[in-house]
Amino acid sequence: MIGQIILALAASGLGVVFVSLLVERLRRHPDAPSAFSWGPHLSMHYVSVNGHEMRYVKTGDGPALILLHTMRTQLDIYQKMIAELAERFTVYAPDLPAHGWSDIPREPVSVELLTESVAGFLEALEIKDAIVAGQSIGANIPLLMAADGHPAIRAVVAINTFDYGRRWSVRGSLLLRILFTLGPVPIIGTTFLRLRNAFIEAALFKGGVADPKSIPPALLNEMMVAGHQRDHYRQFHYLLRLIERWPAIHACYADIAVPVLVIYGDKDWSREVDRRRTVSEIPRASSVTIAHAGHFLSLDQPEALAARIREFAETL
């Protein structure tokens, strides 16, 4: 009897895997957009970095400001801020590899690939003396580069850093906890990600903001469409498996010699103890908390975030 139950469970599990593979096989793979729906006057650029094409936007005039997005989002997450920041800075916002409409590498995305891609982006565009601002893993990347003494980085704005990185420590909705728990697991994680749909993805993205209405519907749709690219789900699985690696960057914080502003949303996934630890370990760090803001702070409170970045730049 027990053996029959085990066989039935195994068969049903294999059935789910097969269905997920079929769903992915039949999914329509999209073409990249030719213009920004939120900024049709802006030019969409691509640059070759380490053999991969990276999409980016460049606008404004003044000191260089690089904006790096979170895991599973894309440069458009800054759409509410770019015009305002462009009045003070030359703003560059790229899609990281395997995100948005940049190339999806054949090799698994790794911490090294992400940091090398940002370094290559700066080099390819001859960007120097830059302030690099990023959210979540987009904050971890410039912190690692600054600790390594990258010469093009003048200062870092680290927004809602993802340096706690323990799956079970992430605050948020039940669906987010399921994603961070099951997503990294081999076979189970890829099966779960192949069965994604608009309802699930919308709920996941909305779990990253304090106010679900702060996500523009067009952005939500484009992020979901971008996720339908071939092998995108597989790279997202690799990204989720990196979660346990990000805490290791604490070991290099003491080597950061450039000014750092650490910004948190009061409703970010991190805990207060995580935030205090990060700020205390970076020698030249100052910090600020923005109210009514979640993990995707640039969507919840774009004006407040832009103001903090401008004020910080004035102190350099």
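So, here's what we can say about the structure. Numbers given to residues run from 1 along each chain, matching the order in which its sequence is written. In keeping with the model being predicted, local features are shown solely for residues with a pLDDT of at least 70 and side-chain atom pairs are shown and tallied solely at 80 or more, while totals for entire chains, interfaces and linings include all residues. Heavy atoms throughout the structure, all of them, feed into the side-chain values; hydrogens and water do not.

Overview of the overall build of the chain
Only DSSP runs of H or I covering at least 4 residues are called helices, and only runs of E covering at least 2 are called strands; the numbering of each starts at the N terminus. Each helix and strand counted, the chain has twelve helices and eight strands in total. By the compact-globule yardstick of 20 Å for 316 residues, the chain fits well, its C-alpha radius of gyration being 20 Å. With the C-alpha coordinates of the chain rotated into their principal frame, the extents come out at 70 × 45 × 35 Å. Accessible area is worked out with a 1.4 Å probe on protein chains only. A residue is then buried under 20% of its type maximum, exposed over 50%, and partly exposed in between. When each of the 316 residues of the chain is scored for burial, the buried share is 54%. Note on contacts: a residue pair qualifies if any of its non-hydrogen atoms lie within 4.5 Å across the two residues. Across the chain, the fraction of contacts at a sequence separation of at least 24, relative to all contacts at a separation of at least 6, is 76%. Note on areas: Shrake-Rupley with a 1.4 Å probe; residue coverage comes only from the protein chains shown. Of the roughly 13700 Å² that the chain leaves accessible, carbon and sulfur atoms contribute 57%. Taking the 31 positively charged and 32 negatively charged side chains of the chain as two groups, their mean positions are separated by 7 Å. Throughout, radius of gyration means the C-alpha value; the globule benchmark is 2.2 Å times the number of residues raised to the power 0.38. The charge count includes Lys and Arg as positive and Asp and Glu as negative, but it does not include His or the ends of the chains. Lys charges are placed at NZ, Arg charges at CZ, Asp charges at CG and Glu charges at CD.

Description of the pattern of salt bridges
For salt bridges, the criterion is a side-chain nitrogen of Lys or Arg within 4 Å of an Asp or Glu carboxyl oxygen. One pass over the full model with this rule turns up 13 salt bridges. The partner of Arg308 in a salt bridge is Glu311, with the nearest N and O atoms 2.9 Å apart. Of this pair, Arg308 and Glu311 both sit in helix 12 (residues 302-314), three residues apart, which is roughly one turn of that helix. One continuous salt-bridge network, built from bridges that share partners, spans Glu24, Arg27, Arg72, Arg196 and Glu201.

Considering the packing of aromatic side chains
Given two aromatic rings, their pairing is described by the distance between the two centres and the angle made by the two planes. What counts as a ring pair is set by centres within 6.5 Å for rings of Phe, Tyr and Trp (its six-membered ring), and what kind of pair is set by the plane angle: stacked under 30 degrees, edge-to-face over 60, tilted for all other angles. A full pass over the atoms with the stated rule returns six aromatic pairs. Between Phe36 and Trp38, the ring centres sit 5.0 Å apart and the planes meet at 40°, which makes this aromatic pair tilted. Owing to a relative accessible area of 2%, Phe36 belongs among the buried residues under this scheme. For the pair Tyr56 and Phe121, a centre-to-centre distance of 5.4 Å together with 80° between the ring planes defines the contact as edge-to-face. Of the two residues, Tyr56 sits in strand 2 (residues 52-60) while Phe121 sits in helix 3 (residues 111-124), which places them 65 residues apart along the sequence. Across this residue pair, the class does not change: Tyr56 and Phe121 are buried. Taken together, the ring pairs in this structure connect Phe162, Tyr164, Phe180, Trp269 and Phe296 into an aromatic cluster. Either the NZ atom of lysine or the CZ atom of arginine qualifies as a charge over a ring when it sits within 6 Å of the ring centre and within 35 degrees of the ring normal. One residue, Arg88, lies across the ring of Phe89, its end atom 4.9 Å from the ring centre.

Some points on unusual backbone geometry
Backbone geometry at Asn50 places phi at a positive 55°, although glycine is not the residue there. Within the secondary structure, Asn50 sits in the loop between strand 1 (44-49) and strand 2. The residue Asn160 is not glycine, and still its phi comes out positive at about 50°. Structurally, Asn160 is set in the loop between strand 6 (153-159) and helix 5 (174-182). Its relative accessible area of 0% is what places Asn160 among the buried residues.

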